[in-house]
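# Architecture at a glance
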Amino acid sequence: MRRRTVLAALAAGLAGCSGGRESDSTPTVTPVGVPEDEGSDSGPLSPADSRFDADTPTPEGVRLFHELSGDEKMAVEPNRELFTPEAPSAPIRLRNDRDTALYVSSGWGLQKYTGSRWVRILAPHINRGGLTSVDPNSVWRRRHNITNVFSLPVLGPGLYARIEDVRVDNGEIGGENVPLGALFEVSGTDYEVRPTGSPRIDGDVATLVWSPLAERTVVFERVDDDPEDAVSVVPEVIGAIPMFRDTIPLLSEVRSVRINTASAPLVFQYLSEAPVRAVEVGPETRLEHEETVFTVRTVDAEDR
């Protein structure tokens, strides 16, 4: 997206997604067409029919569907593992074959494989506090979509993991948490981070202020470094966090973007999930998005 295109989209208040450069993430499964009989709504797949195997990278600490041996008492079972624009949705269920209830969080986790590591796509605006009881010897069904995921209009191509936070021991605080999940692949989509805020642009500086006024301001600064020498960020991670979504894309238009937000103390915590490879993110870290290299720092709100 070029300079005038971004500013025109902001002025028109547009939000959505269209064609954009893919990130440095590397899908580990070759995208193919969806077979007509794969993942129908008639019932879940079996682990033996999974498109994933022991060589597929997996997030740590999650009991995944394709790794099931067949005697597990609880599992997340998908009806489909490959999603495209033509097949963007399918049922997914949590099976409980125990003799006691399970408790599943109202929120769920999403991770993407970058080619070198798994990163979390955070959704701080989602309330994950509620629990739903799944009775003994029953199933709990949801609908799994690759569109309108958290605040993302669509997931870009790649390998993902959907993770359900399941509790045993009556769902009490301090009870055992068991992350259950399933891998899925997205193919044929296009995701581009597009800001939805209304910045004030003064010369080469864009400013956003979220009410009420916070004590700290986050400053995103474009630097004249070679993109090849910087660490690329995952577009879906950036797009899911409003303070990144409404700022980082503007750096192709202006030199500096400032956003006053109560989330400023969390900026590096959130940013740690964004790079395609594991690095310690701080004020000196050179990051890259859409061939724009930038750094991030925080300052006092009155520091102009």
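Residues numbered from 1 in each chain as written. Predicted model: local features only at pLDDT ≥ 70, side-chain atom pairs only at ≥ 80, totals over all residues. Heavy atoms only, no water.

### With respect to unusual backbone geometry
- Of note in the backbone geometry, Asn137 takes a positive phi value of approximately 55° without being a glycine.
- Along the chain, Asn137 turns up in the loop between strand 7 (131-134) and strand 8 (138-145).
- Given the relative accessible area of 59%, Asn137 is considered exposed.
- Here Asn148, not a glycine, exhibits a phi torsion of approximately 55°, which is positive.
- You can call Asn148 exposed: its relative accessible area is 65%. (Helix = DSSP H or I, 4+ residues; strand = E, 2+ residues; numbered from the N terminus. Buried < 20%, exposed > 50% of the residue type's maximum accessible area, 1.4 Å probe, protein only.)

### Details of the pairing of strand 12 (residues 177-186)
- Most of strand 12 is tucked away, with 8 of its 10 residues classed as buried.
- In this structure, strand 1 (residues 63-64) lies alongside strand 12, joined through 2 bridges in parallel fashion. Bridging across to strand 12, Leu64 finds its partner in Gly181.
- Bridge count for strand 3 (residues 82-83) against strand 12 is 2 bridges, and the pairing is parallel. Across the sheet, residue Leu82 finds its bridge partner in strand 12, namely Glu185.
- Direction of pairing for strand 11 (residues 158-167) relative to strand 12: antiparallel, over a ladder of 10 bridges. Along strand 12, the bridge assignment pairs Tyr160 with Phe184. (Pairing = 2+ DSSP bridges.)

### As for the side chain of Glu253
- Of note, Glu253 is situated in the loop between helix 3 (242-245) and strand 17 (256-260).
- By relative accessible area, which is 0% here, Glu253 ends up buried.
- A distance of 2.5 Å separates the side chain of Glu253 from the side chain of Ser252, its partner in a polar contact. (Polar contact = N/O pair within 3.5 Å; in protein donor to acceptor, adjacent residues only side chain to side chain.)

### Observations concerning the nonpolar core
- Counting 48 residues, the largest nonpolar core has Leu110, Leu155, Phe220 and Phe244 as its most contacted members.
- Every residue in contact with Leu155, bar those within four places of it in the chain, is listed here: Leu110, Ile146, Val149, Tyr160, Phe184, Val186, Thr189, Tyr191 and Glu236.
- Core analysis: the next-biggest nonpolar cluster, separate from the first, contains 16 residues, Leu45, Phe65, Val166 and Leu180 among them. (Core = buried A, V, L, I, M, F, W, Y, C linked by side-chain atoms within 4.5 Å. Contact = heavy atoms within 4.5 Å.)

### Considerations on a negative patch on the surface
- Together, Asp226, Glu228, Asp229 and Glu291 make up a region of like negative charge exposed at the surface.
- Position of Glu291 among the secondary structure elements: in the loop between strand 18 (287-289) and strand 19 (292-300).
- Taking relative accessible area as the criterion, Glu291 reaches 55% and is therefore assigned exposed. (Patch = residues over 30% accessible without salt bridge, like charges linked within 9 Å, V, L, I, M, F, W, Y side chains within 5 Å. Areas by Shrake-Rupley, 256 points an atom, 1.4 Å probe, with all protein chains shown as cover. Salt bridge = Lys/Arg side-chain N within 4 Å of Asp/Glu carboxyl O. Lys, Arg positive; Asp, Glu negative; His and termini not counted. Charge placed at Lys NZ, Arg CZ, Asp CG, Glu CD.)

### Section: the sheet that holds strand 8
- As summarised here, the arrangement of the 3 strands in space is 2-4-8, forming an open sheet in which the pairing is antiparallel. The strands lining the two open edges of the sheet, one partner per strand, are strand 2 (74-78) and strand 8. Direction aside, the axes of adjacent strands within the sheet are offset by 20° on average.
- Pairing of strand 4 (residues 89-96) with strand 8 involves 8 bridges; the strand directions are antiparallel. When the bridges of strand 8 are listed, Asn96 appears paired with Ser138. (Axes fitted to C-alpha atoms, helices over the stretch in contact; angles between N-to-C directions.)

### Thoughts on the pattern of salt bridges
- Inspection of the entire model under this criterion finds 14 salt bridges.
- Between Arg51 and Glu185 there is a salt bridge; the shortest N-O distance is 3.1 Å. With Arg51 in the loop between helix 1 (3-12) and strand 1 and Glu185 in strand 12, this residue pair connects regions lying 134 residues apart in the sequence.
- Of the charged contacts, one joins Arg255 and Asp224 as a salt bridge, the two residues approaching to 3.0 Å between their closest N and O atoms. In this pair, Arg255 is assigned in the loop between helix 3 and strand 17 and Asp224 in the loop between strand 15 (216-222) and strand 16 (231-232), connecting sequence segments 31 residues apart.
- Salt bridges here are not isolated pairs; linked through shared partners, they connect Glu77, Arg93, Arg95 and Asp97.

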